[in-house]
Structures are given as structure tokens and as C-alpha cells.
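In case you want the letters, here they are:
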Amino acid sequence: MSFDPTPSQWKAITTTDQPLAVTAGAGSGKTRVLVERYLHLLEIGVSVDEIAAITFTKKAAQEMKDRLRNMRPDLIESLEQAQISTIHSLCQRIIQEHPLQAKIDPRFRVGEEWETKVLLTETIAEVIEESDPPDTLETAGETAEIVLALYETMLSKGDLDFRRPLEPVEEEFPLEQLYDAVRNVLALQPTTEKQAQVLGDLQDQWRGLAELLAFPDDELRLEALDVLLKLVKGIRGKLAEQTSHLKALIEEARQNILEAQGQVVVAYLGEVLEQVHERYDQKKRLFGILDYNDLEQLTYSLLQDDTVRADYPFRHLMVDEFQDTNPLQKKIVDALVSQGAKLFVVGDPKQSIYRFRGADVEVFVQTKDEIEEVGTNVFLEENFRSRPELIDF
């Protein structure tokens, strides 16, 4: 079938002397553009081994290879060695070619996603069961969900600094200030029956609340502060203006407790994350497997070595579905193009669907901005699938 590209498609296909970012919505013909651009690079003298094409799925990589074979049967043999794959397959290649530098057993295999997920969740459950979680955290199951989400998010950013230095909470609980402020409020002269009733309720309950506030238990103090604030807010009219200092002290006391509790939780989670990472890594090595995060972490680390980077002298790097790229994957891409390769990315922020895997649409936005400084941005505005009223929706 003949292909008559639109002006924007033609620009995306033939602009090869500078980095290019293509925003392509569904139905805009981006797959055909990727294939045509690859063929155009070959036509202008770029060899297959000088081009790397990264797709989001293995299916998309195979589809691209099949289309290229159908359009250029003479390239069937060379396309077998073409670097057209997912980013994880490329990472696997780089690690397999440098096992010594990666300090990894060359017989490693990439674990199935379900397999590594089970191993990780089991490890998290073990570590939490052996730990002493703060009372502010809920059940072990809910704590495990928090740890899993944090762990996957941090690894997707290449962040292994699980324990963070915490600023000490210097403010002491303002117990005496609260006592003084309540006594001042109780000394107020009510001007309405409602004010008198509220002040009477406060007088009746204050002794018990004062005892709770004096007891060094965060939950009891928070409960007492909530009751106290509710009573004070019941004072209306002009008299309410004279309770503002007490209200501010109650809020200060609440924040003091919550901040201290938060630091305890953060310290606990940091310790758990560190233990999970160490134990999970030990289990993977025992089974001889790597997960997708390992592939990314090891590859990024390898590519910091000039001699390793020199083994991948691509002149052109094409990345599809860039809106589903995570921060660490972007660092890998940046390392690969640092030797002068021209970067070509295709994405659509509206189609970002893999945030649960650490994908960050801001990575695409940032990359577009970076490319705009030295290259070109192209928008494939025409949709060849939908009716006009759907496109304009």
C-alpha cells in the first residue's frame, strides 16, 4: 500500500541532522513514521548496526521488524542483528556483554514479572513481620503496600538512598502554654446564654483533658486536643476573637505530635526498605535471576564507564512510547546519546498508562523541552482512525 505522508510526518521521517521529539496521538500513523524513518536512515547511508530502536513492548518490536522485512526483503539477514527491542532487552544485551564489569553471573536469567513480584512481596512481608512498626501505621498488609509502592517508585528513579537524614523536632509540646491559654479563656465573661453554656462545658471537661495532655502518649494527646478544639470553636460572637491564641496553640501542639510521628514512620520505612533491598537482592542472586529494575540499574551503572559506552556507538537512537518512560530509563537513553547519537522520541502525554510501573509523563515533557533547545519538536496532528467529533473531544 502506498504511503503519502503528511508534511508533519515527512518532517519526522526526514529530519536526521538534529534531535527530534514527536508528539503523536492515537491514530496519527506514528508506527509507519518510525518504520519509514528507519528506512530513510538506511537510504542516506546509516548502517543497521548504527541505529537503535526502542519500543515499549516485545510485540511492537517484532511488528517493526516484520514491517521492515516486508518493505525491504534484501535486509532480512541484517535485520536479524538489528537493535530493535524493548529497553529491557537492550539492557539485557549490555549486561550480558559486560558480566565482569557488572559483577554478575553471566548465566543469569531475567525473572518473569509475576515471579519477581511474588519474591519481592514475600520479602517485604518477612521483613515487616520481624520488625517493630510504629503504632501510627495500620495493619501489616497496609504497611506492606506502602513499602512496595515506595520501593518500586524509588528504584524507577534510580534512587537507592533509602535512609534519609531527618531534621530533629526541636519544638517541645507546649503543655504549660496550653494550660495558661485555657485558664485565660475560662476567665472570659460570657455575654450570651450559649457562650455561658460552652464555657461551662469547657470548665467541666478541662480537668480530664488536662490530665490527658500531661500524659506523654501521642494518641491520647491528639484525642484531647481534638475535644478541646471542638469546645473552643463553640465559643461564638465577639468572645471568639479572644480564643484565637488558644486555637493557634492547639494547632501547634497537633503539628508537633504529627511531625514527630511522621519522622518515626519515615525512619522505620527507611530501615525496612534497606533491609528489603538487601534481602531481595540476596534471594535473586541465589536463584540466578534479575528483575527489570536490576536490568536498568546495572545498565545505567555500566554506561557510566567510557569503555562500555564506546561499545555502543549508535548514530541514531529512536524511542517509541516515551510518555511511559521512567526517570532511570531516561538516564540510560541520555548515556547512550552522550557520544553524539541523534535522539528521536515519540510520545503522547494523553496515553501515559504505566504510572504504576514508575512511568512518569514529566520525563517526556522534560525531554521535549531539552530537545527544543537543540533540535525540533513535531506534532502529528492528523488522526486517520476517528471521526472529527471524537478527535475534537
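Residues numbered from 1 in each chain as written. Predicted model: local features only at pLDDT ≥ 70, side-chain atom pairs only at ≥ 80, totals over all residues. Heavy atoms only, no water.

S.K.: Break down the overall build of the protein for me, citing the residues and quoting the values.
M.R.: A count of helical and extended segments in the protein gives 17 helices and eight strands. Relative to the 2.2 N^0.38 estimate, which gives 21 Å for 393 residues, the radius of gyration of the protein is 30 Å and therefore markedly larger than a compact globule would have. Based on the C-alpha atoms only, the size of the protein along its principal axes is roughly 95 × 55 × 35 Å. A burial count over the protein gives 45% of its 393 residues as buried. Residue pairs at least 24 apart in sequence account for 79% of intrachain contacts in the protein once pairs closer than 6 positions are excluded. A total accessible area of about 21,600 Å² is found for the protein, and carbon and sulfur atoms account for 51% of it. Counting 43 positive and 72 negative side-chain charges, the protein places the averaged centre of each group 4 Å from the other. (Helix = DSSP H or I, 4+ residues; strand = E, 2+ residues; numbered from the N terminus. Rg over C-alpha atoms; globule rule 2.2 N^0.38 Å. Buried < 20%, exposed > 50% of the residue type's maximum accessible area, 1.4 Å probe, protein only. Contact = heavy atoms within 4.5 Å. Areas by Shrake-Rupley, 256 points an atom, 1.4 Å probe, with all protein chains shown as cover. Lys, Arg positive; Asp, Glu negative; His and termini not counted. Charge placed at Lys NZ, Arg CZ, Asp CG, Glu CD.)

S.K.: I'd like to hear about helix 2 (residues 30-43), residue by residue, with values.
M.R.: The end-to-end C-alpha separation of helix 2 is 20 Å, in line with the 20 Å expected for 14 residues at 1.5 Å each. The set of residues buried in helix 2 consists of Lys-30, Arg-32, Val-33, Leu-34, Val-35, Glu-36, Arg-37, Tyr-38, Leu-39, His-40, Leu-41 and Leu-42. One or two steps after helix 2, the chain reaches Gly-45, where phi turns positive at roughly 105°. (Expected span 1.5 Å × (residues − 1).)

S.K.: So what's going on with the sheet that holds strand 2 (residues 51-55)? Residues and values would help.
M.R.: The six strands lie next to each other as 3-2-6-7-1-8, forming an open sheet whose pairing is parallel. Every other strand in the sheet has two partners, leaving strand 3 (83-86) and strand 8 (376-380) as the edge strands with one partner each. Averaged over all neighbouring strand pairs, the angle between strand axes comes to 15°, with direction disregarded. With four bridges joining them, strand 6 (residues 316-319) and strand 7 (residues 342-347) adopt parallel strand pairing. Its bridge partner lying in strand 7, His-316 is registered against Lys-342. Most of the contacts of helix 1 (residues 7-14) go to strand 8, to which it runs at about 140°, and overall it touches strand 1 (20-24), strand 7 and strand 8. Packed onto the sheet, helix 16 (residues 361-374) meets strand 1, strand 7 and strand 8 and runs at close to 140° relative to strand 7. (Pairing = 2+ DSSP bridges. Axes fitted to C-alpha atoms, helices over the stretch in contact; angles between N-to-C directions.)

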